[in-house]
Amino acid sequence: MSLTVLTPLRLEAHAVRKAGVEAVRTGMGARAARRAAARLDTVDGALAVMGFGGGLHDGLVAGDLVVATEVRGPAGTQPLLGAELLAGMLRRAGLRVHTGPVASRARLVTGAARARLAASGALAVDMESAWLVPAAAGRPVAVVRAIVDTPGRELHRALATVAGARAAHRALRRAATVLAAWGDAVRPRALVLAGPRASCAGVERAIEVVERMLEQEGPPLYVRKQIVHNAHVVADLERRGVIFVDEIDEVPEHANVVFSAHGVPPRVRSEATRRRLRTVDATCPLVSKVHAEARRFAGRGYTVVLVGHDGHDEVEGTRGEAPAIRVVADAREAANVEVEDPDRVAYLTQTTLAVDETRDVIDALRERFPGIVGPGSDDICYATQNRQDAVRALAPECDVVLVVGSANSSNSRRLVEVAERAGTAARLVDDESHVDPAWLARAGTIGLTAGASAPERLVARVLDALAVLGPLEVSEHTVTRETTRFKLPPELRGER
Ligand code: SF4
């Protein structure tokens, strides 16, 4: 699809054209912008408003870019949903980028009026965007302003030094190339949501444990390790007063500490008791079940072979439950693992592995130790299994699958691998700012899912951002409905 770039000033148009991107000069100020917008109603494809802007916050410097999340004009506010996705592209191109509201005013804003705009939460001010954005008329639209002056150096003075204008010109030129790639990715698409997807019962329970403790005890609240492996969940709880620590000796005596969903080895519990900490255990009950199996096998004199990823928090917790645990990651390691008594070997698995691969590893263990025993039922949890089944079912009908999840989330990474094994390209994204439209440029159908540690709200954000890259026909491919819920730990079960 084509991209139309609107630039109010000659200098702004020059910066965009220097990047080899066509620009339409609309003229400076509200009246010129309104006239230009009226002329543009037959334009196809995406629309970008690019130009200089006045910075309203101290954190901005000349040459920074502001990608508008909304444009506030005299007639109201116009939301721009794809801002974070575009900002991510610009950041990956090495530009300094902020996202936030841009205010449009008919006149140059200085002094006290400018301070009032800053207090309203707007990041930048311009004189045209609010009148140009309506020209998009439902097509994809973005507003990118390069900061030319800052609160300490307002426009009339900054232009005299020229330095601010130069920095902004350079930034606009570099941004224009990125905007062209953004425009190239705009096309109508289908999007298939995987069902089930996103947070599982164990993750929801762990987050609720922390939230209830915050409510009851107030901050600071300590959590050993990331409560769940998701960067957004962790950052959100940190903002609310949670302090994440790697080890229990970082927690002050008598403080409250929560154990993460991945479980802890027994030595951590003993250490917490010795240091007189008040502990609440958010270990997922399905991980606790694996711990119990490890203790049961070890108590009967078996060497336990744990199929999992060495160093993962869950594996570290399970390993602590029995003295003789061997960890193997794949069939090759399984074929070579050493044990004391080959006739007394048991296997267990991490809860978040890929189902197909784990089967191969267990087959290799069975070949090596014909008498090997395993858990009563599979350790790979229902949530991991269901999310993988859902991706396997939708991948063949997609050109690319996006998996929302953090890089340290085992179950999210497995979803990428499952899609790839089904022959479909797949990408792991923490949020919409990690989506590179180049992946989607040729994609007519996108699959979208999320790991068990990623909240559904992140899926919604990615969906909203994708909808800005052209008309999106959304459907859902559901393989099963989940009803599993876990009770909170007894000490937190009281009515709210
Ligand atoms: S992925 Fe499975 S084991 Fe892990 S927290 Fe969720 S339900 Fe529990």
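Note on numbering: residues in each chain are counted from 1, in written sequence order. For a predicted model such as this one, the threshold for reporting local features is a pLDDT of at least 70, and the threshold for listing and counting side-chain atom pairs is 80 or more; totals across whole chains, interfaces and linings nevertheless cover every residue. The side-chain figures draw on all heavy atoms in the structure; neither hydrogens nor water molecules are used.

K.L.:
Help me understand the overall build of the chain in this model?
P.N.:
Runs of H or I in DSSP of at least four residues are treated as helices and runs of E of at least two as strands, each being numbered from the N terminus. The helix and strand inventory of the chain stands at 18 helices and 20 strands. If one aligns the C-alpha atoms of the chain with their principal axes, the spans along those axes are about 85 × 50 × 40 Å. By residue count, 56% of the 496 residues in the chain fall in the buried class. Working rule for contacts: check all heavy atoms of both residues, and any pair within 4.5 Å makes them a contact. Within the chain, residue pairs in contact and separated by at least 24 positions form 75% of the contacts whose partners lie at least 6 positions apart. Within the structure as shown, the chain displays about 20,900 Å² of accessible surface, and the carbon and sulfur contribution to it stands at 49%. Within the chain, one finds 64 positive and 62 negative side-chain charges whose respective centroids are separated by 8 Å. Between buried and exposed lies partly exposed: a residue is buried under 20% and exposed over 50% of the maximum accessible area for its type, with that area taken using a 1.4 Å probe on protein chains only. Here the accessible surface of atoms and residues is derived via Shrake-Rupley with a 1.4 Å probe, and residues count as covered only by protein chains that are part of the display. We count Lys and Arg on the positive side and Asp and Glu on the negative side, and we leave His and both chain ends out. Charge positions come from single atoms, namely NZ of Lys, CZ of Arg, CG of Asp or CD of Glu.

K.L.:
It is not clear to me how unusual backbone geometry should be interpreted in this structure. Could you clarify?
P.N.:
Phi is mostly negative for residues that are not glycine, and the peptide bonds are mostly trans. Along the chain, Gly 195 connects to Pro 196 via a cis peptide bond; the corresponding omega equals 0 degrees. Along the chain, Pro 196 falls in the loop between strand 9 (189-195) and helix 8 (201-217).

K.L.:
Looking at this structure, how should I read the environment of Arg 392?
P.N.:
Mapping Arg 392 onto the fold places it in helix 15 (residues 382-394). It is 46 Å that separates the C-alpha atoms of Arg 392 and Ala 103, two residues lying 289 residues apart in sequence. The residues contacting Arg 392, other than those within four sequence positions of it, are Asp 356 and Val 418. Engagement of the side chain of Arg 392 in a polar contact is seen with the side chain of Asp 356, the distance being 2.9 Å. Under this definition, polar contacts are N or O atom pairs within 3.5 Å; protein pairs additionally need one hydrogen-donor-capable and one acceptor-capable atom, and for neighbouring residues in sequence, both atoms have to be side-chain atoms. Here Asp 389 takes part through its side chain, which lies 3.0 Å from a polar atom of the side chain of Arg 392.

K.L.:
Please explain the pairing of strand 5 (residues 76-79) as it appears in this structure.
P.N.:
Along a regular strand, successive side chains alternate from one face of the sheet to the other. Following DSSP output, two strands are said to pair if at least two bridges run between them. Examined bridge by bridge, strand 4 (residues 65-73) and strand 5 share 4 bridges and lie antiparallel to one another. From the neighbouring strand, Arg 72 faces strand 5, where its bridge partner is Thr 77. Between the end of strand 4 and the start of strand 5, which pair antiparallel, lie 2 residues.

K.L.:
Where do I start with the pattern of salt bridges in this structure?
P.N.:
Close approach of charged atoms lets side chains of opposite charge pair. The term salt bridge refers to a side-chain nitrogen of Lys or Arg lying within 4 Å of a carboxyl oxygen of Asp or Glu. In the structure shown here, the tally under the stated rule is 31 salt bridges. Among the ionic pairs, Lys 225 bridges to Asp 246, the shortest N-O distance being 3.9 Å. In this pair, Lys 225 is assigned in the loop between strand 10 (221-224) and helix 9 (231-239) and Asp 246 in the loop between strand 11 (242-245) and strand 12 (256-259), connecting sequence segments 21 residues apart. Residue classification places Asp 246 among the partly exposed positions, given a relative accessible area of 48%. For the salt bridge of Glu 482 with Arg 387, the shortest nitrogen-to-oxygen distance reads 2.7 Å. Of the two residues, Glu 482 is situated in the segment after strand 20 (472-478) and Arg 387 in helix 15; the sequence distance between them amounts to 95 residues. Residue class for Arg 387 comes out buried when judged on its relative accessible area of 1%.

K.L.:
How do you make sense of the sheet that holds strand 12 when you look at a structure like this?
P.N.:
The strands making up a sheet are joined through hydrogen bonds of the backbone, oriented either antiparallel or parallel. Spatially, the 4 strands line up as an open sheet ordered 11-10-12-13, and their pairing is parallel. Here the strands that pair on one side only, and so sit at the sheet edges, are strand 11 and strand 13 (278-281). Strand-to-strand, the axes of this sheet are offset by a mean angle of 30 degrees, without reference to chain direction. Relative to strand 13, strand 12 runs parallel, the two being bridged by 4 bridges. Each residue of the ladder has a partner; that of Val 257, found in strand 13, is Thr 279. Interaxial angle, 0 to 180 degrees, is taken between N-to-C directions of lines fitted to C-alpha atoms, where a helix line uses only the stretch in contact.

K.L.:
What's the story with the packing of aromatic side chains in this structure? I'm lost.
P.N.:
Aromatic rings in a pair are described by how distant their centres are and how their planes are angled relative to each other. Stacked, tilted and edge-to-face pairs are distinguished by plane angle, under 30 degrees for stacked and over 60 for edge-to-face with tilted covering the rest, among Phe, Tyr and Trp rings (Trp via its six-membered ring) whose centres lie within 6.5 Å. On inspection of all chains with the given rule, the structure shows 1 aromatic pair. Taking the centre distance of 5.9 Å and the plane angle of 70 degrees together, the rings of Phe 297 and Tyr 302 count as edge-to-face. By the burial criterion, Phe 297 is buried, and Tyr 302 matches it. Above the ring of Phe 297, the side-chain terminus of Arg 296 is found at 4.8 Å from the ring centroid. Looking at Arg 344, its charged tip hangs above the ring of Tyr 302, at a distance of 4.6 Å from the centre. By definition, being over a ring means that NZ of Lys or CZ of Arg is both within 6 Å of the ring centre and within 35 degrees of the ring normal.

K.L.:
How should the pairing of strand 4 be read in this particular structure?
P.N.:
Relative to strand 6 (residues 97-104), strand 4 runs parallel, the two sharing 7 bridges. Considered in strand 6, the bridge of Ala 68 is made with Gly 100. Bridge count for strand 4 against strand 8 (residues 141-149) is 3 bridges, and the pairing is antiparallel. Looking at strand 8, one finds that Val 66 is bridged to Arg 145.

K.L.:
Any chance you could explain the site of the ligand here in plain terms?
P.N.:
By convention in these notes, a residue is near a molecule or strand provided one of its non-hydrogen atoms lies within 4 Å of it. Near the ligand the following residues occur: Cys 200, Gly 202, Val 203, Cys 284, Leu 286, Thr 351, Thr 352, Cys 381, Tyr 382 and Ala 452. For this classification, Asp, Glu, Lys and Arg are treated as charged, while Ala, Val, Leu, Ile, Met, Phe, Trp, Tyr, Cys and Pro are nonpolar and the rest, including Gly, are polar. Split into classes, the residues belonging to the shell around the ligand amount to 7 nonpolar, 3 polar and no charged.

K.L.:
Even after reading the chapter, I still don't get helix 9, so can you show me in this structure?
P.N.:
Residues of helix 9 that are buried: His 232, Val 233, Val 234 and Leu 237. Taken together, the buried residues of helix 9 touch helix 8, strand 11 and helix 18 (456-467). Two or three places before His 232, at the start of helix 9, stands the capping residue Asn 230, its side-chain oxygen 3.0 Å from that residue's backbone nitrogen. Two residues or fewer past helix 9, Gly 241 is found with a positive phi of approximately 110 degrees.

K.L.:
Looking at this model, I keep getting lost on the nonpolar core. Mind explaining?
P.N.:
Soluble globular proteins tend to bury their nonpolar side chains together. Core analysis: the biggest nonpolar cluster contains 56 residues, and Met 50, Leu 90, Leu 179 and Trp 182 have the highest contact counts within it. It is helix 7 (residues 163-184) that contributes the most residues to this core, 9 residues altogether. With near-sequence residues (within four places) excluded, Leu 90 lies in contact with Leu 65, Val 67, Leu 95, Val 97, Ala 175, Val 178 and Leu 179. We define a nonpolar core as any set of buried Ala, Val, Leu, Ile, Met, Phe, Trp, Tyr and Cys residues linked to one another through side-chain atoms lying within 4.5 Å. Among the nonpolar cores identified, the runner-up in size contains 26 residues, and Ala 206, Ile 227, Val 228 and Ala 452 belong to it.

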